[in-house]
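Structural overview for review
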Amino acid sequence: MSTRFIYKAKRLADIGNLPTAAGIGFFNGQFWGNTNGVVSPLGGSPFGNTLLVDGDNGSDTDTRLPYKTVQAAVTASSQGGTIYVKPLEAESASGDTDPDSYAETITIPAGKDGLSIIGVSRGLTQGGQPQIKIGAGATAMFTVQAFGVRISNLTINGAGSTGGGILLDATAGTADAGGLVVDNCHFKNCKGAASSQTAGAIYWSAQGASWYATIANNDFFDCRIGILLL
């Protein structure tokens, strides 16, 4: 069974299962306690704030499992944390033309500085990476308001939507989005509502905002515009 965190103690042999009676057990690298029939994890992660997302088998409420959505993991993360995103399983062994997607828009708010969101990738292409695709709407799939964020090894597919891919948002008070790193991502069909100058695969909220971004080793396919500097 996967857990939300990757623990240093995971390498040690489990000395028991989840406690079924009042007491403490050690399971999947974490101590668990049973108090009046309520089983819950004890303490924090000795390996830092590393979170997992598994849209097929995860849960945003069961703390013994990975998260089901990327946004829930972002909300639970701390500064300098890392989120690993698993690709969703294909619906069939053959015949699919588009991979299953995390159908969500994701906001990384101010205060989540240094957060990394990294896809567990098989390659830099659609179908080889976890895909973010909302299918409709006019909101960017990623809105970054924190400093020093990294987005890596993800496919961002704007088909059916008009909000673009990644927005560096420095317009909301304490938001900055400077120092963003976007690498090894595949962008497809990212576009704005009426023209290429309203959104792009990667675009800024305002002229001169969000300095020192690094954009490296990405693919852009059928995007109305790739990188837009207002």
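Source: prediction; values computed, not measured.

The rules behind these values
Residues numbered from 1 in each chain as written. Predicted model: local features only at pLDDT ≥ 70, side-chain atom pairs only at ≥ 80, totals over all residues. Heavy atoms only, no water. Helix = DSSP H or I, 4+ residues; strand = E, 2+ residues; numbered from the N terminus. Contact = heavy atoms within 4.5 Å. Areas by Shrake-Rupley, 256 points an atom, 1.4 Å probe, with all protein chains shown as cover. Pairing = 2+ DSSP bridges. Right-handed = clockwise from strand over helix to strand, strands pointing away. Phe/Tyr/Trp six-rings, centres within 6.5 Å; stacked < 30°, edge-to-face > 60°. Salt bridge = Lys/Arg side-chain N within 4 Å of Asp/Glu carboxyl O. Buried < 20%, exposed > 50% of the residue type's maximum accessible area, 1.4 Å probe, protein only. Axes fitted to C-alpha atoms, helices over the stretch in contact; angles between N-to-C directions.

Moving on: the overall build of the protein chain. The number of helices and strands found in the protein chain is 1 helix and 19 strands. Of the contacts formed within the protein chain by residues at least 6 apart in sequence, a portion of 72% connects residues at least 24 apart. As displayed, the protein chain offers around 10700 Å² of accessible surface, 53% of which is attributable to carbon and sulfur atoms.

Okay, the pairing of strand E5 (residues 82-85) next. In this sheet, E5 lies alongside strand E4 (residues 50-53) in parallel orientation, the contact comprising 4 bridges. Looking at the pairing, Val 53 lines up with Val 85 of E5. What joins E4 to E5 is helix H1 (residues 70-76), and the crossover it makes is right-handed. Two elements, E5 and strand E8 (residues 116-119), share 4 bridges in a ladder whose sense is parallel. Looking at the pairing, Tyr 84 lines up with Ile 118 of E8.

On to the packing of aromatic side chains, then. A full pass over the atoms with the stated rule returns 2 aromatic pairs. Considering the side-chain rings of Phe 187 and Phe 220, the 5.2 Å spacing of their centres and the 10° angle between planes classify their relative orientation as stacked. Linking Phe 187 in strand E15 (residues 186-188) with Phe 220 in strand E18 (residues 219-221), this pair joins segments that are 33 residues apart in sequence. When the ring of Trp 211 is compared with that of Tyr 212, the centres are 6.0 Å apart and the planes differ by 65°; the resulting orientation is edge-to-face.

Under the definition given, this model contains 4 salt bridges. The salt bridge partner of Lys 86 is Asp 56, with a shortest N-O separation of 3.5 Å. Here Lys 86 is found in the loop between E5 and strand E6 (101-102), whereas its partner Asp 56 is found in the loop between E4 and H1, with 30 residues between them in sequence. In this structure Lys 86 comes out as partly exposed when scored by relative accessible area, which is 27%. Asp 56 gets classed as partly exposed once you look at its relative accessible area, which sits at 30%. Ionic pairing is found between Asp 62 and Arg 64, a salt bridge with its closest N-O pair at 3.2 Å. The class of Asp 62 is partly exposed, set by a relative accessible area of 24%.

So, about the sheet that holds strand E11 (residues 150-152). In spatial order, the strands read E4-E5-E8-E11-E14-E17; together these 6 strands make up an open sheet with parallel pairing. Across the chains shown, the open sheet's two edge strands, defined by having one partner strand only, are E4 and strand E17 (214-216). Put simply, the sheet's adjacent strands are angled 10° from each other on average, direction ignored. Of the pairings in the sheet, the one linking strand E14 (residues 181-183) to E17 comprises 3 bridges and is parallel in character. Among the inter-strand pairings, Val 181 is bridged to a residue of E17, identified as Thr 214.

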